[in-house]
Amino acid sequence: MKKIFISICLLLLSFACSEKSENESPSGETSTVTINSYETYKPYIENSEWYKSLLKKSEKNKIDFIPVNAKELGTAVDLTDESGYDRSMEKHYVFSPNREYALDSYTYGLEIDPDTGEEFRDADRSVILYDIKNNQNASVLFIGPSGSIGLVEWVNENTFLIVTTDHESEEKNNIHVGVYNIKNSKVYETDEFYSEIFLK
C-alpha cells in the first residue's frame, strides 16, 4: 500500500513538472503574454491619432486589450534577398529610428494611372518590411478585404507593432495588436493583444 501511495505521488509530481515546463521558457519565464507587457507598447498605441479617433467613434474613454497566449503566435518570417524598395514611395514608409528598416503598409496592390496620377488599390492589404542596408524584404502581414491596418509604429530599432482591425460588422470591430522583432534576418511575432469594440 505504501509503495502504491509513493508511486501515485511520483506520478503527480512528474505531471506537475511537465505542465510547468510547457508554460515556461528556458529562462524560467512564462510563455504566456501578461497584461504588464502591454504597458511597454501603450504609449505608442494610445498616443496615436488612430487610437484617439477610435475612442471618439466608440464613445469610450479607454480600450482594454487582452493578451494572447504566446503559443498562438505566428512562426518566423525570413527576410529574402529581394528588395522591392521604391524611393518614389518613401513618403509613405515608416522608418525605424536608425533608418536601417522601413515598413510599407501603403503600396501593396497599388496601381497609379500614368496620365492622371489617380490611384487604384486592391481590396487586400499587406505590410512589407524593407531591410535597406542589406537590400532585403519580408511580407510580415497580410489582411483580407474585411480588415484594415490602423497603425504601424516602431518601438525601437528592431521592434515594431502593427494594429489591424477586422470589421466583423458595421458596429463590431475586432482589434489586434501584433508586436514584431527582427533578429538574424528573421521577423518574429513576440506579443499579441486583442480587443473588441462596438462603434456608435
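The following refers to the structure shown. None of the values given here were measured: they were computed from a predicted structure.

Cut-offs and rules
- Residues numbered from 1 in each chain as written.
- Predicted model: local features only at pLDDT ≥ 70, side-chain atom pairs only at ≥ 80, totals over all residues.
- Heavy atoms only, no water.
- Buried < 20%, exposed > 50% of the residue type's maximum accessible area, 1.4 Å probe, protein only.
- Helix = DSSP H or I, 4+ residues; strand = E, 2+ residues; numbered from the N terminus.
- Pairing = 2+ DSSP bridges.
- Arc of directions from axis to C-beta.
- Contact = heavy atoms within 4.5 Å.

### Re the pairing of strand β10 (residues 159-167)
- Most of β10 sits inside the fold, with 7 of its 9 residues counted as buried.
- In this antiparallel pair of consecutive strands, strand β9 (residues 147-154) and β10, the connection spans 4 residues.
- Pairing geometry for β10 and strand β11 (residues 172-183), over 9 bridges, is antiparallel. Pairing of T165 across the sheet is with I175, part of β11.
- Here β10 folds back onto β11, and the loop between the two strands holds 4 residues.

### Some details on helix α3 (residues 49-58)
- When α3 is considered as a whole, its buried residues turn out to be W50, Y51, L54, L55 and S58. Projected onto a plane normal to the axis of α3, the buried residues spread over an arc of 135° and lie on a single side. Among the exposed residues of α3, those oriented more than 90 degrees off its buried face are E49 and K56.

### Focus: the sheet that holds strand β8 (residues 136-143)
- The sheet built from 4 strands is open, its strands ordered β3-β4-β7-β8 with antiparallel pairing. Only two strands of the sheet have a single partner each, and these edge strands are β3 (94-95) and β8.
- Across 4 bridges, strand β4 (residues 101-104) lies against strand β7 (residues 125-131) in antiparallel orientation. Bridge pairing in β7 links Y101 to D131.

### Some thoughts on the side chain of N174
- If you trace the backbone, N174 turns up in strand β11.
- Other than its neighbours up to four places away in sequence, N174 contacts T164, T165, D166, E168, Y194, S195 and E196.

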